Amino acid sequence: MDKINVEMEEIKIAEESGEIDEQKWVYDTSFDHKGRVPLRGSTGVWKASLFIIVIEFSERLSYFGLATSLIIYLTKVIHQDLKTAAKSVNYWSGVTTLMPLLGGFLADAFLGRFSTVLVSSTVYLLGLILLTMSRVVPSFKPCDTDLCHEPRKIHEAIFFLAIYLISIGTGGHKPSLESFGADQFDDDYPEERKKKMSFFNWWNFGLCCGLLLGVTLIVYVQDRVSWAMADLILTLVMASSIVIFVAGRPFYRYRKATGSPLTPMLQVFVAATRKRNLLFPANPSHLYEISKSETSRRRLLCHTDKLKFLDKAAIPDGTQDSIVQLQNPWRLATVTKVEELKLVINMIPIWLTTIPFGICVAQAATFFIKQGVTLDRKIVHNFEIPPASIFALAAIGMIVSVSIYDKILVPVLRRATGNERGISILQRIGIGMIFSVTTMIVAALVERKRLNLVHKNPLEGSSSMSVFWLAPQFLIIGFGDGFTLVGLQEYFYDQVPDSMRSLGIAFYLSVIGAANFASSLLITIVDHITEKGDKSWFGKDLNSSRLDYFYWLLAIITAVNLCVYVIVARNYSYKNVHCKATMSVADLR
């Protein structure tokens, strides 16, 4: 790292003398695999991102190959009832999508993104190997016969250990890999900045391709060949993708870990609390900020008028020695550090108001798929698709949505609005929320039709109803994902402080994690309330349940939440960078 610091000093001198060639070198604090300033022509951008998207494809193939069929495995092999199985899936999904908070923190603070991806992918691979063993090793199998009425306890223990090892692997893999991919584009270089806006769209295109194969090919192997064969395929694919990821090392741009991103925020809060009795200066330019030449090209943030209490951390205290203040970040913070804390605080309302959307998404991997089990899944010549494969329609909806948005809507909207994104990130997220309300309304109507068939013919049930009645709700939630989920990825990467971008992606994933836990809590609350009445909305199976009522409830919750989100989004202030420094170090001295 000393070598990098020396090179940055040389860059600073060259910059002052006008000798820097911005076209040839990348001066955004990144470095290549040998610790040097990266060459723009041979590192980063799509040549590096393709290696990164390959391992994301592999991880999503594995994740959705397991996640979409998990509720079926829990009910058919582990023999959990519908309510317990749905909660088990939600708990696992919740842990899987909350673990990135820890993984993202470790990547930003200590390990660096490349190392975190490598370590977590190895843990993920170990989980897949253990899962394969639970279905191959005779003493670890559920039982010795094909039809298993009660699985061995050792199988349950190893099975849950394996899937939670995969959760831990995902915890480091997801936030670090996506932010590492976005790091391959230089924000200060206009041509690369535009490509970066497309990166999140094509990242999700690759993700959806993995999802699509996971819920078709892998699920088909699970259903028609064996669970063990499917696990073996996933293990080999993940091992191969790790090799490919490592092979891309010469093309990557790296960033060093900068220490805990939470410490500077705590310092701002402590400094502001200590100075709570100080008067605000008449002019914000009197607040302390280091000069741009002293930042080692770190981006400075403009002062904003929101959360003014925190601004007191940047007020120089004239009663104390100025040098002491400069050396003690617990007493004096820069405007940029104050604004970084404001950014994180301002994200909390956005995070909270996107959770209901995540609750709607959670239904697709649980109740939507379980509905598919009860319907006619024959297509042609008695070929029957596995229940989890219907989830492929959500991936198709997302692929179509992302492709149309990136290739058609963005160019048109750029010309119409003058915004280089076409529309703002929060507007994109809001559009996806409208799709989620529509999804729940359609799902409620379809489930009502299914239940009517069950009541008319209890013996045949809904087996005469085609599984493609579920297609609209999967396609619509897929379209919503293309707007809201991709928008959330871009939002949490772009709007967090530069030092915590892995943690930013973890914030996006935590929306889905919190939503899974919220979905389980909501099921528990609704079950408790409705069982006091005529009967619970969640019976032992689908035919004795009233999922249509539950979907209507979600539609109402999501619609009300959308109104709150619009208010929050309209009052949101985006990150503003490249502002001139206010009071410099020299001024304070």
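Basis of the calculations
Residues numbered from 1 in each chain as written. Predicted model: local features only at pLDDT ≥ 70, side-chain atom pairs only at ≥ 80, totals over all residues. Heavy atoms only, no water. Helix = DSSP H or I, 4+ residues; strand = E, 2+ residues; numbered from the N terminus. Contact = heavy atoms within 4.5 Å. Patch = residues over 30% accessible without salt bridge, like charges linked within 9 Å, V, L, I, M, F, W, Y side chains within 5 Å. Areas by Shrake-Rupley, 256 points an atom, 1.4 Å probe, with all protein chains shown as cover. Salt bridge = Lys/Arg side-chain N within 4 Å of Asp/Glu carboxyl O. Expected span 1.5 Å × (residues − 1). Bend = angle between axes of the 7 residues up to and from the residue. Buried < 20%, exposed > 50% of the residue type's maximum accessible area, 1.4 Å probe, protein only. Polar contact = N/O pair within 3.5 Å; in protein donor to acceptor, adjacent residues only side chain to side chain. 1 Å grid on protein atoms, 1.4 Å probe; cavity = no way out; pocket = protein on both sides within 12 Å on 5 of 7 lines; lining within 4 Å. Points joined across faces, edges and corners; volume = space filled by probe spheres on them. Nonpolar A, V, L, I, M, F, W, Y, C, P; charged D, E, K, R; others polar. Phe/Tyr/Trp six-rings, centres within 6.5 Å; stacked < 30°, edge-to-face > 60°. Axes fitted to C-alpha atoms, helices over the stretch in contact; angles between N-to-C directions. Parallel < 35°, antiparallel > 145°, perpendicular 65-115°, else oblique. Core = buried A, V, L, I, M, F, W, Y, C linked by side-chain atoms within 4.5 Å.

Caption draft 1: Geometry of the environment of valine 467. Locating valine 467 in the fold gives a position in the loop between α15 (425-456) and α16 (471-495). A sequence separation of 61 residues divides valine 467 from histidine 528, and the C-alpha atoms of the two residues are 30 Å apart. Setting aside residues no more than four positions away along its own chain, valine 467 makes contact with Gly372, Leu375, Asp376, Arg377, Ile385 and Ile390.

Caption draft 2: Quick peek at a nonpolar patch on the surface. Where nonpolar side chains cluster on the molecular surface, the patch consists of Ile396, Val400, Ile404, Ile408, Leu409 and Val412 and spans about 430 Å² of accessible area. Within the secondary structure layout, isoleucine 408 lies in helix α14 (residues 392-417).

Caption draft 3: Quick peek at α16. When the terminal C-alpha atoms of α16 are compared, their 35 Å separation across 25 residues agrees well with the 36 Å that a helix rising 1.5 Å per residue should span. Helix geometry: α16 is bent most strongly at aspartate 481, by close to 35°. When you tally the buried positions in α16, you get 21 out of 25 residues, the bulk of the element.

Caption draft 4: View of the environment of arginine 60. Mapped onto the elements, arginine 60 comes out in helix α2 (residues 45-76). The buried category is assigned to arginine 60, whose relative accessible area is 8%. A distance of 2.6 Å separates polar atoms of two side chains, one belonging to arginine 60 and the other to glutamate 59.

Caption draft 5: A look at empty space enclosed by the protein. Applying the stated criterion to the full structure yields five cavities of 30 Å³ or more. Volume-wise, the largest cavity comes out at about 470 Å³. Contributing to the lining of the largest cavity are 32 residues, with Arg60, Tyr63, Phe64, Val361 and Ile512 lying nearest its centre. Every element with two or more residues in the lining of the largest cavity is listed here: α2, α3 (82-98), α6 (153-182), α7 (190-224), α12 (355-364), α14, α16 and α17 (501-530). Residue classes in the lining of the largest cavity are distributed as 19 nonpolar, ten polar and three charged.

Caption draft 6: Spatial organisation of the packing of aromatic side chains. Under the criterion given, the structure shown has 38 aromatic pairs. Ring geometry for phenylalanine 180 versus phenylalanine 245: centroids 6.3 Å apart, planes at 70°, classification edge-to-face. Within this pair, whereas phenylalanine 180 is found in helix α6, its partner phenylalanine 245 is found in helix α8 (residues 227-247), the two being separated by 65 residues in sequence. The pair phenylalanine 180 / phenylalanine 245 is uniform in exposure class, with both members buried.

Caption draft 7: Quick look at the packing of α3 against α6. Packing of α3 against α6 brings their axes to within 8 Å, and their N-to-C directions diverge by 30°. Between α3 and α6, the crossing angle belongs to the class labelled roughly parallel. Each of Tyr91, Trp92, Val95 and Thr96 in α3 lies in contact with α6, whose residues at this interface are Ile163, Tyr164, Ile166, Ser167 and Thr170. Here the residues of the contact of α3 with α6 sort into six nonpolar, three polar and no charged.

Caption draft 8: Summary view of the pattern of salt bridges. Going through the model one piece at a time under the given rule, you end up with 19 salt bridges. Note that lysine 195 is salt-bridged to glutamate 191, the shortest N-O span being 3.8 Å. Highlighted residues: lysine 195 and glutamate 191, both in helix α7, separated by four residues, approximately one helical turn. Owing to a relative accessible area of 51%, glutamate 191 belongs among the exposed residues under this scheme. Shared partners join several salt bridges into a network, and the residues in it are Arg40, Asp186, Glu192 and Arg253.

Caption draft 9: The nonpolar core, seen in detail. Of all hydrophobic cores here, the largest spans 141 residues; its most connected members are Phe245, Phe367, Phe391, Phe474, Tyr491, Phe550 and Tyr551. Among the elements that take part in this core, α2 stands out by supplying 15 residues, more than any other. Apart from the residues within four sequence positions on either side, phenylalanine 367 is in contact with Leu82, Ala86, Ile523, Phe538, Leu547, Phe550 and Tyr551.

Caption draft 10: A look at unusual backbone geometry. The phi dihedral of valine 45 is positive, around 55°, even though this residue is not glycine. Note on placement: valine 45 falls in helix α2. A relative accessible area of 8% places valine 45 in the buried class. A positive phi angle is found at histidine 79, which is not glycine, with a value near 65°. Mapping histidine 79 onto the fold places it in the loop between α2 and α3.

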